[in-house]
Amino acid sequence: MAMYAPFVGREAELSHMEALYAAPGAKALAICGRRRVGMTRLLREFCRGKRALLFAFKDLSLKENLWHAEVVVAEFTGAEASFGTAAAFLESLVGICAEGKTVVVMEGFPHLVGGDAGVMQAVCGFIDDISETESMLVICGSPVPMMRELLESPGNPLAGRFPDRMVLEPLSLRQCALLHPGMSDADVLRTYLTVGGMPLYHLIMSGPAYEDSVKAAFLAEQAPLRDEFMTAVGRELSPKRVYSLMLWSMSRGARTQSEVAAASDISPSLCKRYMDNLVSHGFVAKDPPAPGRKAGRFYRISDPLTLFGYEVVRRIDVCGGEDPDGLYVRCAPKIGTCMGKAFGDAVAEYIGITYRPGRMGRWTGRADGTVEDFGVVAEIDIGGGRDLTLLCGCVFRRTGADMEDMVLLEQRAEAAGFRMNRRFAMASAGGFTRELEEYAEDNGVMLIGLDEIMGRTGPEPLVRTL
C-alpha cells in the first residue's frame with residue numbers, strides 16, 4: 001500500500017508562503033488546520049532548499065519537547081545543545097537566525113506552549129529579537145479552535161503577534177484525483193465521498209479500484225482506517241463518549257438540536273455547546289439558510305470519514321468473523337446510501353469553484369414528515385445588477401437521474417417559493433436518461449455529470465444565449 005505521493009494541490013498556499021519569505025524583514029506566519037490535512041508535507045515542501053529548522057512538538061511534557069529541540073539544533077549546528085527552559089531554547093534560535101536568513105518551523109505549537117504564559121512571552125521575545133533579520137517563524141497546530149484561542153484570546157501574550165495566518169483546508173476532489181492516477185473518475189469520486197480531502201487517507205486508499213481500497217482500508221484485519229473516525233473524534237473532543245453518542249444519533253436521523261439532545265440524553269443547553277464544538281472542529285455542519293429562506297435549523301455530519309464511520313463502519317463491527325469480500329457485499333447498500341448523503345457537498349464544491357456564488361447552501365427541509373436534503377441552492381451574480389438562483393438537485397445512483405427526479409425538484413422549488421430569476425440544474429454521478437436530456441435541452445435545465453464535476457468538460461454558461 002503506497003504511502004507517498006507527489007506534492008499536489010497546495011499551489012496557492014505555497015505561493016503565499018514564498019511571497020512572505022521573499023518580503024523584506026522578519027516574518028511570522030501561523031498555520032492551522034485539521035489533523036491529517038497535510039500541514040507537515042506543505043511545510044517540508046516549503047523548506048526544501050532553504051536554511052531551515054523544523055521542530056515537531058508532541059503532546060508531551062515541556063522537558064521532553066525541549067529534548068527534541070536539543071536534538072534538532074545539535075544536528076543543525078554540529079554542536080551539542082542543552083536547554084533547561086523554553087527561553088534558553090528560543091535564545092539559541094536567535095543566534096542561529098542572526099547568522100543568516102533562516103526558516104524556523106514549529107509544528108505542534110500548542111504542545112510547546114501548553115497554555116504557559118511564560119513560554120508564550122518567550123516566543124514573543126523571540127519574534128522581537130529576530131526583527132532585524134530576514135528570518136521567518138512558522139508555527140502550526142491543530143485543532144483550529146485551539147490555535148485561534150492561542151492567537152486571538154484577549155490578554156493572551158501571542159494575541160496580535162501573528163498577523164499573517166493560513167487555515168489549511170482539505171484538498172478538493174480534483175486535487176485528490178491526482179493521488180489516484182490509475183483509478184476511474186467514478187471510483188475517485190466514491191473515494192472522495194468516503195474520506196474527504198485528507199491526503200493521508202487517499203494514500204491509504206490507493207488500490208486500483210474503490211472496492212479494493214475499501215476492503216484494504218476498512219474491512220481487512222488490522223485495517224488502518226477501521227477506527228480512525230472514532231480516534232479523530234477522541235483526539236479533538238472530550239468527553240468522547242458523549243460526542244460519539246451525538247454523532248451516532250445524527251447518523252440515525254436526528255437533525256435538530258432538540259432531536260440530538262433527546263437521543264443523547266443531555267440537556268438542550270449542553271447539546272448546543274457540544275454541537276457548536278462539533279461544527280467548529282469540522283465534524284458537523286449546520287446547513288446555512290438557502291437564499292431567501294429562514295435561518296437554517298438542521299444539522300448533519302459533514303466530515304466524509306465521520307459519516308462513513310457511523311453509517312457503515314459501525315455496522316461492520318457487529319458483523320465480526322466475515323472476510324472482507326463478504327463484509328463488502330453486506331455493506332454495499334449502506335455504502336451507496338452514505339455516498340448519496342455526501343454527494344451534495346461535492347456538487348456544492350463544484351458550483352462554488354465554477355460559478356463563485358455570493359451565497360450557497362444545502363437545501364434542507366421536511367417532506368412527508370421527514371427531513372430531506374433537496375439539493376444545493378446558489379445565488380449568483382450574473383452582471384448588470386442581477387442575481388440568478390441556481391436550484392440543483394443531486395442524484396447519486398448507477399441508473400442516473402430521470403424525469404421523476406426533475407419533477408420532484410420542480411415541485412419542491414414551487415413549494416419553497418423559488419419562482420423568480422431561477423434556473424434549474426440536475427447533478428448526477430450516474431448520468432441522465434435520454435428523456436431527461438431532451439427535457440433539459442428544451443427547458444434550459446443545466447445537467448452536471450461526472451465529466452463536469454471532474455473537470456473533463458467545461459461548465460455550461462449560467463445564462464443561455466439564443
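Report follows, based on the coordinates.

About the criteria used
- Residues numbered from 1 in each chain as written.
- Predicted model: local features only at pLDDT ≥ 70, side-chain atom pairs only at ≥ 80, totals over all residues.
- Heavy atoms only, no water.
- Bend = angle between axes of the 7 residues up to and from the residue.
- Helix = DSSP H or I, 4+ residues; strand = E, 2+ residues; numbered from the N terminus.
- Polar contact = N/O pair within 3.5 Å; in protein donor to acceptor, adjacent residues only side chain to side chain.
- Phe/Tyr/Trp six-rings, centres within 6.5 Å; stacked < 30°, edge-to-face > 60°.
- Buried < 20%, exposed > 50% of the residue type's maximum accessible area, 1.4 Å probe, protein only.
- Core = buried A, V, L, I, M, F, W, Y, C linked by side-chain atoms within 4.5 Å.
- Contact = heavy atoms within 4.5 Å.
- Pairing = 2+ DSSP bridges.
- Axes fitted to C-alpha atoms, helices over the stretch in contact; angles between N-to-C directions.

### Side note on helix H17 (residues 324-355)
- By the largest-angle criterion, cysteine 331 marks the main kink of H17, which is about 50°, and a proline, proline 333, follows within four residues.
- By the N-cap criterion, in which a side-chain oxygen at the helix start approaches the backbone nitrogen of a residue two or three places on, H17 is capped by aspartate 323, the distance to aspartate 325 being 2.9 Å.

### Section: the packing of aromatic side chains
- The final tally for this structure, using the stated rule, is nine aromatic pairs.
- A centroid spacing of 5.6 Å and a plane angle of 50° characterise the contact between phenylalanine 83 and phenylalanine 89, whose relative ring orientation is tilted.
- Taking relative accessible area as the criterion, phenylalanine 89 reaches 0% and is therefore assigned buried.
- With centroids separated by 5.5 Å and ring planes inclined at 55°, the aromatic side chains of phenylalanine 343 and phenylalanine 396 adopt a geometry described as tilted.

### Topic: the nonpolar core
- Counting residues in hydrophobic clusters, the biggest one holds 98 residues, and the most contacted among them are Ile31, Phe218, Met246, Leu278, Phe308 and Ile351.
- Considering each element in turn, this core owes the most residues, 14 residues, to H17.
- Other than its neighbours up to four places away in sequence, methionine 246 contacts Val260, Ser264, Ile266, Cys271, Tyr274, Met275 and Leu278.
- Core analysis: the next-biggest nonpolar cluster, separate from the first, contains 39 residues, Val104, Met120, Ile130 and Ile139 among them.

### A word on the sheet that holds strand S2 (residues 52-56)
- Here five strands make up an open sheet; going across it, the order is S2-S3-S4-S1-S5 and the pairing parallel. Strands at the two margins of the open sheet, each flanked by one partner only, are S2 and strand S5 (164-168). Geometrically, the sheet is characterised by an average inter-axis angle of 15° between neighbouring strands, direction not taken into account.
- Note: strand S1 (residues 27-33) against strand S4 (residues 136-141), six bridges, orientation parallel. Along S4, the bridge assignment pairs alanine 28 with leucine 137.

### Observations regarding the pairing of S4
- Buried residues dominate S4, accounting for six of its six residues.
- Here S4 shows two buried faces, one formed by Met136, Val138 and Cys140 and the other by Leu137, Ile139 and Gly141.
- Examined bridge by bridge, strand S3 (residues 103-107) and S4 share four bridges and lie parallel to one another. When the bridges of S4 are listed, valine 103 appears paired with methionine 136.

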